[in-house]
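# Reading the structure
Spelled out from the first residue to the last, the chains are:
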Amino acid sequence: MDETSVPTARFEEHRPHLRAVAYRMLGSISEADDAVQEAWLRYDRTDTREVANLGGWLTTVVGRVCLNLLRSREQRREDPLESRLPDPVLGREGVVDPEQQVLLADAVGLALMVVLAELSPAERVAFVLHDLFSVPFDEIAPLIEKTAAATRQLAGRARRKVRGQAPAPDRDLARQRAAVDAFFAATRNGDLDALLAVLDPDVVLRSDGGVARARQTVVLRGAATVSGQAVMVRSLAPFVRPALVNGAAGVVVVGADGRPVSIMAFTVVEGTIVAIDVLADPERLAGLDLAAFGA
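### Quick word on the packing of helix α3 (residues 54–76) against helix α7 (residues 137–144)
- The geometry of α3 relative to α7 is characterised by a closest axis approach of 10 Å and an angle of 40 degrees between their N-to-C directions. By the criterion of interaxial angle, the relationship of α3 to α7 is oblique. For the element pair α3 and α7, the recorded crossing hand is right-handed. Residues Thr60, Gly63, Arg64, Leu67 and Arg71 of α3 lie in contact with α7, whose contacting residues are Glu139, Leu143 and Ile144.
- Of the residues contributing to the contact of α3 with α7, the split by class is 3 nonpolar, 2 polar and 3 charged.

### Focus: a nonpolar patch on the surface
- Taken together, the side chains of Met232, Val233 and Leu236 define a hydrophobic patch exposed on the protein surface, amounting to about 270 Å² of accessible area.
- Mapped onto the fold, valine 233 is located in the loop between α11 (223–232) and β4 (240–245).

### Section: the pattern of salt bridges
- Applying the stated criterion to the full structure yields 13 salt bridges.
- The salt bridge involving arginine 19 is made with aspartate 33; its shortest N-O contact spans 2.6 Å. Here arginine 19, found in helix α1 (residues 5–26), pairs with aspartate 33, found in helix α2 (residues 29–44); they are 14 residues apart in sequence, far enough to count as distant.
- Exposure remark for arginine 19: the relative accessible area of 17% places this residue in the buried category.
- For aspartate 33, a relative accessible area of 33% translates into the label partly exposed.
- For the salt bridge of arginine 284 with aspartate 208, the shortest nitrogen-to-oxygen distance reads 2.9 Å. You can see arginine 284 sitting in helix α12 (residues 282–286) and its partner aspartate 208 sitting in strand β2 (residues 199–208), a full 76 residues away along the chain.
- Residue arginine 284 is classed as buried on the basis of its relative accessible area, which comes to 12%.
- With a relative accessible area of 3%, aspartate 208 lands in the buried category.
- One network of salt bridges, with partners in common, ties together Asp87, Asp208 and Arg284.

### Concerning α11
- Along α11, the residues that are buried comprise Ala223, Val226, Ser227 and Ala230. The buried residues of α11 occupy an angular sector of 95 degrees when projected down its axis, which confines them to one face. Exposed side of α11, more than 90 degrees from the buried face: Ala224 and Met232 are the residues found there.
- In the core, the buried residues of α11 are packed alongside α9 (173–189), α10 (192–198), β2, β3 (218–221) and β7 (272–279).

### Structural notes on the pairing of β2
- Judged by how many residues are buried, β2 sits mostly within the fold: 7 of 10 residues are covered.
- Sheet topology places β2 next to β7; 6 bridges connect them, and they run parallel. Looking at β7, one finds that leucine 205 is bridged to isoleucine 276.
- Of the strand pairs in this sheet, β2 and β3 are connected by 4 bridges, and their pairing is antiparallel. The partner of serine 207 across the bridge, within β3, is valine 218.

### Some words on the nonpolar core
- Ranked by size, the top nonpolar core spans 45 residues in total, and within it Phe11, Met25, Leu116, Val125 and Leu129 carry the most contacts.
- Those elements that place two or more of their residues in this core are α1, α2, α3, α5 (110–117), α6 (121–132), α7 and α8 (148–165).
- With near-sequence residues (within four places) excluded, leucine 116 lies in contact with Arg24, Arg124, Phe127, Val128 and Val162.
- Formed by 26 residues, the second largest nonpolar core is a distinct cluster that contains Leu195, Leu199, Ala230 and Ile276.

### With respect to the sheet that holds β3
- Here we have 7 strands laid out as an open sheet, ordered β1-β4-β5-β6-β7-β2-β3, and mixed in their pairing. Strands with a single pairing partner mark the edges of an open sheet, and in this sheet they are β1 (90–91) and β3.
- Sheet analysis places β1 next to β4, joined by 2 bridges and oriented antiparallel. Paired with leucine 90 across the bridge in β4 is valine 245.
- The sheet strands contacting α9 are β2, β4, β5 (248–254), β6 (260–269) and β7, and the helix crosses β5 at an angle near 35 degrees.
- Against the sheet, α11 engages β2, β3 and β7, with an angle of about 55 degrees to β2.

### Some points on unusual backbone geometry
- In the Ramachandran plot, asparagine 246 falls in the positive-phi region, its phi being about 55 degrees despite a non-glycine side chain.
- Along the chain, asparagine 246 falls in the loop between β4 and β5.
- Look at glutamate 270: it is not a glycine, yet its phi comes out positive at around 55 degrees.
- Note that glutamate 270 resides in the loop between β6 and β7.

Conventions and cut-offs
- Residues numbered from 1 in each chain as written.
- Predicted model: local features only at pLDDT ≥ 70, side-chain atom pairs only at ≥ 80, totals over all residues.
- Heavy atoms only, no water.
- Axes fitted to C-alpha atoms, helices over the stretch in contact; angles between N-to-C directions.
- Helix = DSSP H or I, 4+ residues; strand = E, 2+ residues; numbered from the N terminus.
- Parallel < 35°, antiparallel > 145°, perpendicular 65-115°, else oblique.
- Left-handed = near helix turned anticlockwise from the far one by under 90°.
- Contact = heavy atoms within 4.5 Å.
- Nonpolar A, V, L, I, M, F, W, Y, C, P; charged D, E, K, R; others polar.
- Patch = residues over 30% accessible without salt bridge, like charges linked within 9 Å, V, L, I, M, F, W, Y side chains within 5 Å.
- Areas by Shrake-Rupley, 256 points an atom, 1.4 Å probe, with all protein chains shown as cover.
- Salt bridge = Lys/Arg side-chain N within 4 Å of Asp/Glu carboxyl O.
- Buried < 20%, exposed > 50% of the residue type's maximum accessible area, 1.4 Å probe, protein only.
- Arc of directions from axis to C-beta.
- Pairing = 2+ DSSP bridges.
- Core = buried A, V, L, I, M, F, W, Y, C linked by side-chain atoms within 4.5 Å.

Shown next, in the form of C-alpha cells:
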C-alpha cells in the first residue's frame, strides 16, 4: 500500500461507524452519507498522525458536521416536527446484511428516530454521542459550546423524553411479528375487538404522506381512533409484505398494480403495539429499493 492510500484506508475502516452516528443524528440516509463525506474532506486536510484515537476524533468531527446541519434545518423548518418521518432502513427477515447490522447496531427503531427528531440540536448531539456511542461529556461539550455539566443535563433531558415517548421494544422478533400479524388479521376481518386487543390503549399512529398525499399526513392517538382508521383501510391488508423496518417487525404495502403504497413500522412492547409509523410519501418510496418486496 503506497503512502497516499494509507489515510484513505484508515478512514474507510471507520466509515460504517461514522455513517451510523450520522444517521442517528440526522434521520436521513442521504444526509448521513453527505456528512460522512464532509468528515472525510476535513480529515484529508488535517494532519492526524499525532491523534491517538482516530475513531473518537472522527466521531466528534461527524458530530460537529451534523450539529451544523441540524441547526440549519431548525432555522428553515416550516412544517411541524411530526409531519416528516425519518428515513426507514429496510431488510428482510432471515437475511443478514452486514452494512445494516452496523447501521442499526443498537436497534434504533423508527419510533426512537421520531423522538430524536423532536429534540433540540444540542440535545440530540449530546444524547446520541453519549448514550448511543459512549463519547464522554467533556469531549461533547466543546461541540455544543457548553460545559461538561450542562452537556450532561442536556443528555439527561433528552433521555427522559426518549424513555417517555419511545419505550424499548420487545427484543424477541417472533413476538413482534405475532403482534403485527394479529393486527393485519383483525384488519382483514374487520374485527374491531381483536384490533383493540393488540393495540396499547395509548397507541400512536404517525403517517407521512409527503406533498402528494398531504391528507395522509396525520398523527392519531388512542386505540379506538387507530383501530377505526385501520378498519377503514382494510382493503390494503391482503397486499402487505413482511419486512424488517429499522430492525423491527414491519411491512411493505404493495398495491394491486405492484406499486408501493406505504412502509409501516411497528413498536411492540410486551406483545402489544404502542406505535405505528407509516411512510406513504410516493416520492420517498420511489427512492427506496423495494424490488425484494414485489414493488
